[in-house]
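Per-entry structural report
What follows is each chain in one-letter form.
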Amino acid sequence: MTEVIGIRFKSVGKIYYFAPNDIVFRDGERAIVETARGVECGEVVMPNRLVEESSIVSPLKPVIRAATQQDIDRVMENARKEKEAFRICLKKIAEHELDMKLIDVEYTFDNNKILFYFTADGRVDFRELVKDLASVFRTRIELRQIGVRDEAKMLGGYGICGKPFCCSTFLGDFQPVSIKMAKEQGLSLNPTKISGTCGRLMCCLKYEQDAYEDLLHNTPKAGAYVCTPDGNGMVQDVNLLTGLLRVRLEQTPDAPLKSFHRDDVKLLRDVETRQEKQNDAGNANSGDKS
């Protein structure tokens, strides 16, 4: 076991582990650490604790010191300068007639670098822009192109549910989301209904996916042959959330469908998948040729 603290550099960013260096930190305090970008000031979101060594990316860098009031004042001053840098960069982009949208500006804690985040439909030749900005700020300049999901995370806003974006309030990392999730959850496949403001599939499709996968695994599908308390029959309709199955009984095929809970039926024969049917047809054709 290794003692670590968890530090976050953005309000809803990824948490990084650092060695506390014999300093006891409390939640919400600031710490000065060295990162790949240089010296940074981050917020402690996970106080001192022991974790398994397997969960640590080596080498584990130590904390330089607890942040002082002077350090915090510098962070606030950097935030003020970022607004001015944003205004200047917008002007320079217009002067160079570049097809790009400036999203955010970030000063490193030690002021050794300024990062400009932007979006664009394709590749942008910003070499002259970088030279221009470097002559203004007299420090290292980095322009970083980001995707639309990162743009939504940085800018924030409200989703179709009426609540602030998940990505800008509590999601540290984006989770992979697929159209398969929408299909398995019985949602409309209309892109406007399952896409977020960023234009990508909504992150919240991931939240209930494990529950739906478990329900799908334990619930007979439409077309399955089951044994019910009233006899055998074929499932015609399924409600995953309530667990109710509407079954056409074999003994009374012309009668109205009867409803049973999935716990009250036994699966006799599952629905054949398309691949299984193709395999059976292929085997049959092979038998005819022989």
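In case you missed it, the structure is sitting above this.
Scope of this entry: the structure provided in the associated data block. (Residues numbered from 1 in each chain as written. Predicted model: local features only at pLDDT ≥ 70, side-chain atom pairs only at ≥ 80, totals over all residues. Heavy atoms only, no water.)

A look at the nonpolar core
Convention followed: Each nonpolar core is a collection of buried residues, namely Ala, Val, Leu, Ile, Met, Phe, Trp, Tyr and Cys, held together in the definition by side-chain atoms within 4.5 Å. Whether a residue is buried, partly exposed or exposed follows from its accessible area with a 1.4 Å probe, protein chains only, as a fraction of its type maximum: under 20%, in between, or over 50%, in that order. In this description a helix means any DSSP run of H or I spanning at least four residues, a strand means any run of E spanning at least two, and both kinds are numbered starting from the N terminus. Pairs of residues are marked as contacts when any of their non-hydrogen atoms sit within 4.5 Å.
In terms of nonpolar packing, the biggest core is built from 18 residues, with M100, F116, L133, F137 and L143 touching the most fellow members. Secondary structure elements with two or more residues in this core: α1 (69-96), β6 (101-107), β7 (113-119), α2 (127-137) and β8 (140-145). The element that contributes the greatest number of residues to this core is α1, accounting for 4 residues. In contact with L133, other than residues within four places in its own chain, are C89, K92, F116, I141 and L143. In this structure, I5, A31, V33 and V63 belong to the second largest nonpolar core, which totals 8 residues.

Description of the packing of aromatic side chains
Going by this rule: Working definition: a ring pair exists when centres of Phe, Tyr or Trp rings (six-membered ring for Trp) sit within 6.5 Å. Plane angles under 30 degrees give stacked, over 60 give edge-to-face, the rest tilted.
In this structure the tally under the stated criterion is 5 aromatic pairs. For the ring pair F9 and Y16, a centre distance of 5.9 Å and an interplane angle of 50 degrees mean the geometry is tilted. The class of F9 is partly exposed, set by a relative accessible area of 26%. The exposure class assigned to Y16 is partly exposed, which follows from its relative accessible area of 39%. Each ring, one from F118 and one from F126, has its centre 5.7 Å from the other, and the planes form 80 degrees; the classification is edge-to-face. With relative accessibility at 1%, the residue F118 sits in the buried group. Members of the aromatic cluster, connected to one another through ring pairs, are F9, Y16 and F18.

Concerning helix α6 (residues 209-218)
To be explicit about the condition: Picture the helix axis, draw a direction to every C-beta atom, and the arc is the one those directions span.
Looking at α6, one finds that the buried residues are Q209, Y212 and L215. Buried residues of α6, viewed axially, fall in a sector of 120 degrees; they line one side. Projecting away from the buried face of α6 at angles above 90 degrees are the exposed residues D210 and H217. Among the structural elements, α4 (179-184) are those in contact with the buried residues of α6.

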